[in-house]
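Each chain is listed here by its residues.
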Amino acid sequence: MDQPLLDRLSAWGCCSCSTLKAWLPILTWMPKYKLKWLQMDLLAGLTVGLTTVPQALAYAEVAGLPVQYGLYSAFMGGFIYALLGTAKDVTLGPTAIMSLLCFSVVGGQPHRAVLLSLLCGLIQAGMALLRLGFLLDFISFPVIKGFTSAAAVTIGFGQVKNILGLQGVPHEFFLEVYYTFYKIPEARTGDVVLGLLCLVALVMLSLMKGSLGSEEAPTCSTVARKLVWTVVTMRNALVVVAASFVAFSWNAYGHPVFTVTGETSRGLPPFRPPPTSDTTANGTVVSFGEILEDFGGALAVIPFMGLLESIAIAKAFASQNNYRIDANQELLAIGVTNVIGSFVSAYPVTGSFGRTAVNSQTGVCTPAGGIVTSVIVLLSLAFLMPAFYYIPKASLAAVIICAVAPMVDYRVVGKMWKIRKLDLLPFVVTFLMSFWQVQYGIVGGVAVSGALLLYNMARPPITVSDHGVLVMELGSGLSFPATEYLSHIIYTQALQACPPRSVVLDCHHVSIIDYAVISELSDLLRQFRLREVRLVFCRLQLSVLEVLLAADLQGFTYKDSVEAALQMESEGLNADS
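Throughout what follows, the structure given in this document is the object of discussion. (Residues numbered from 1 in each chain as written. Predicted model: local features only at pLDDT ≥ 70, side-chain atom pairs only at ≥ 80, totals over all residues. Heavy atoms only, no water.)

Thoughts on the overall build of the chain
Check the secondary structure of the chain and you find 26 helices and nine strands. A principal-axis box enclosing the C-alpha atoms of the chain has dimensions of 110 × 75 × 70 Å. Across the 577 residues of the chain, 48% fall into the buried class. Looking at the chain alone, contacts between residues at least 24 apart form 78% of all its contacts between residues at least 6 apart. Put simply, the chain shows about 27,500 Å² of open surface, and 65% of that area lies on carbon and sulfur atoms. (Helix = DSSP H or I, 4+ residues; strand = E, 2+ residues; numbered from the N terminus. Buried < 20%, exposed > 50% of the residue type's maximum accessible area, 1.4 Å probe, protein only. Contact = heavy atoms within 4.5 Å. Areas by Shrake-Rupley, 256 points an atom, 1.4 Å probe, with all protein chains shown as cover.)

Encoded structure:
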């Protein structure tokens, strides 16, 4: 076999391996897997699993579905995301937002909720295959920070009712705030005491983690340090287990003073295709087309909101923990999770902010932690429901509050104020609107960021200096939204002056030019000729110069430098005089 062919085969094999790793990120981190990572992933998976089960049951009720559908939706994401996900912290599963959106569309009908999961997954996976992840690059840093801060406040305050043991509190944020304070006299003493003790314990253990000494210490100190580190790292799981034993002990003596997770039905869901038709209570068969009509615009809103929420979470934790994500791969992971999840009776899922925060705070090292979480959910479905019966909701609330509290990044407000005050606008819009509805906050923030971006394109900075001839330097690129603004500056400062003045246009920042700009420049050159003055271009990039020459503009003149353009104009003035 000749050498060129061998080289081509080698290059093809390398490319295929890289492509495979891009589509299956597990092939990147699995060969490097360490025993230490396994310990941390097991711990994080266990902790998140203990949080996932009661949350999944609660979110199913929010979606208006039987509680087991929450657990059906909670385990597939861990397996799929371990294969396809690019963020070590993200956990996929049912969330409050998706549950509310699902309820608004399917009205508590399980068959339609499962079909909605399939359709959402197909749309999301299609976006990934078409490489449309760049659309989510328009979620700017201020939007992410506004979202994460508001979501942390929303989730944290949403757990206050569980700390107080209150029932019948609405999920809408402002109503939740009102009814939480209104119902304080109904607070259960046992839940309050247990919740506060769990909060204090978690805060103290967190402070201990920050005050651990140096590893360069005597053997005895090193052993003690590792013991303390283990306890501190396991703090979420230890607090939940300890609180469960307390609740079990009180219940055993006939004093049920704590609000616990309670009983749920057992059994794994059957693996079968989602139904493509439905039957009403009176026996009328509803076809697939009619169901699609009923879903309407929700088939655009729900998939996109799921992507926005999950990608915003992934970006936030990637920034916090110093790694990068692949937006298209995240789309694929969410889409495949929803598609396969529909075969086990799951409704649409996305990234969970609260559980992702718990995952990160517990020290997860790879997406393998999600597999442990999924196994716990499966075991709880099959065998372990009695063991989860006594988990107090107040202890889980304390874990979530401590996990999301660091995400309220108030320091970033001062930094944006010092660096660029205008960035506070999308931050504030996102933050405030997220208390109305989190999805509206993200959309509003992206819209404001987009408007600022378009404004900067339409109003590029133009520096004008007088050297006998006006020199105008474009401070950024030149595209069609900016043509009217450029024409206005040239007209007001050169063409409408008395007498009209020549202009040297410094274009070294312009890297791309379009037909609209060419058309406007052609008109400007004509106006300069009519007034017997000149418009001279200088410092053009090669790609832009080629386009201008191809346009064959009448009267087009260019020089390599500002000095050469000024010299040409000076010689022209001397010749005229």
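Observations concerning the packing of helix α6 (residues 96-106) against helix α7 (residues 110-129)
Here α6 crosses α7 at 120 degrees, and the two axes come no closer than 10 Å. Taken as axis vectors, α6 and α7 run oblique relative to one another. Viewed along their axes, α6 and α7 form a crossing whose handedness is right-handed. Of the residues in α7, those in contact with Cys102, Val105 and Val106 of α6 are Arg112, Ala113 and Leu116. Grouping the amino acids of the contact of α6 with α7 by side-chain chemistry returns five nonpolar, no polar and one charged. (Axes fitted to C-alpha atoms, helices over the stretch in contact; angles between N-to-C directions. Parallel < 35°, antiparallel > 145°, perpendicular 65-115°, else oblique. Left-handed = near helix turned anticlockwise from the far one by under 90°. Nonpolar A, V, L, I, M, F, W, Y, C, P; charged D, E, K, R; others polar.)

Let's talk about the sheet that holds strand β5 (residues 462-466)
Read from one edge to the other, the open sheet built from five strands follows the order β5-β6-β7-β8-β9, with strand pairing classed as mixed. Strand pairing shows two members of the sheet lacking a second neighbour, β5 and β9 (557-559), which therefore form its edges. On average, adjacent strands in this sheet sit at an angle of 25 degrees to one another, irrespective of strand direction. As paired elements, strand β7 (residues 503-506) and strand β8 (residues 535-538) share four bridges and run parallel to each other. The residue bridging leucine 505 from the neighbouring strand is phenylalanine 537, located in β8. Together, β5, β6 (470-474) and β7 form the strand contacts of helix α23 (residues 483-495), whose direction differs from that of β6 by roughly 165 degrees. The strands touched by helix α24 (residues 515-530) are β7 and β8; relative to β8, the strand with the most contacts, the crossing angle is about 135 degrees. (Pairing = 2+ DSSP bridges.)

Focus on the pairing of β5
As defined by bridge partners, β5 adjoins β6 across five bridges and the pair is classed as antiparallel. Bridge pairing links isoleucine 462 to leucine 474 in β6.

Notes on the nonpolar core
One finds Leu116, Phe295, Ile302 and Phe353 to be the most contacted residues of the largest nonpolar core, which totals 95 residues. With 13 residues, helix α15 (residues 298-320) is the single largest residue contributor to this core. If sequence neighbours within four positions are ignored, phenylalanine 353 has contacts with Thr148, Ala151, Ala152, Ile155, Ile313, Phe317, Val404 and Met407. By size, the runner-up hydrophobic cluster in this structure holds 32 residues, among which are Leu474, Ala494, Val533 and Leu545. (Core = buried A, V, L, I, M, F, W, Y, C linked by side-chain atoms within 4.5 Å.)

What to know about the side chain of arginine 355
Among the secondary structure elements, arginine 355 is positioned in helix α17 (residues 353-362). For the buried residue arginine 355, which engages in no salt bridge, the nearest side chain bearing the opposite charge is glutamate 309, 8.6 Å off. The contact partners of arginine 355, leaving out residues within four places of it in the chain, are Val48, Thr51, Thr52, Gln55, Tyr59, Thr91, Gly93 and Pro94. (Lys, Arg positive; Asp, Glu negative; His and termini not counted. Salt bridge = Lys/Arg side-chain N within 4 Å of Asp/Glu carboxyl O.)

A short note on helix α21 (residues 424-436)
Helix length check: α21, at 13 residues, gives a terminal C-alpha distance of 19 Å against a target of 18 Å (1.5 Å per residue), a fit within 8%. Of the positions making up α21, those classed as buried are Leu424, Pro426, Phe427, Thr430, Ser434 and Phe435. (Expected span 1.5 Å × (residues − 1).)

A closer look at the packing of α7 against helix α16 (residues 327-341)
Relative to each other, α7 and α16 sit at 155 degrees, their axes nearing to 7 Å. The orientation of α7 with respect to α16, classified from their angle, is roughly antiparallel. Seen from above, α7 lies across α16 with left-handed handedness. Contacts between α7 and α16 involve Ser117, Leu118, Gly121, Leu122, Gln124, Ala125, Met127 and Ala128 from the first element and Asn328, Leu331, Leu332, Ile334, Gly335, Asn338 and Val339 from the second. Partitioned by chemical class, the residues of the contact of α7 with α16 number nine nonpolar, six polar and no charged.

Overview of the environment of valine 203
Relative to the elements of secondary structure, valine 203 occurs in helix α11 (residues 189-210). A residue is classified by how much of its surface remains accessible, and valine 203, at 41% relative accessible area, is partly exposed. For the pair valine 203 and threonine 463, spaced 260 residues apart in sequence, the C-alpha to C-alpha distance is 54 Å.

What about the pattern of salt bridges?
For the structure on display, the rule yields 10 salt bridges. Taking the shortest distance from any N to any O, the salt bridge between lysine 88 and aspartate 89 comes out at 2.9 Å. Several salt bridges converge on common partners, so that one network encompasses Arg112, Asp278 and Asp294.

A closer look at a nonpolar patch on the surface
On the surface, a cluster of nonpolar side chains totalling about 550 Å² of accessible area is made up of Phe134, Leu135, Phe138, Leu453, Leu454 and Met457. Along the chain, leucine 453 falls in helix α22 (residues 438-458). We classify leucine 453 as partly exposed; its relative accessible area is 40%. (Patch = residues over 30% accessible without salt bridge, like charges linked within 9 Å, V, L, I, M, F, W, Y side chains within 5 Å.)

A word on the pairing of β7
Residues Val503 and Leu505 of β7 are buried on one face, and the alternating residues Val504 and Asp506, pointing to the opposite face, are buried as well. Sheet topology note: the β6/β7 ladder contains four bridges and is parallel. Each bridged residue has a counterpart across the sheet, and for glutamate 473 the counterpart in β7 is aspartate 506. Each parallel crossover has a hand, and for β6 linked through α23 to β7 it is right-handed. The β-α-β motif built from β7, the intervening α24 and the parallel element β8 has right-handed crossover chirality. (Right-handed = clockwise from strand over helix to strand, strands pointing away.)

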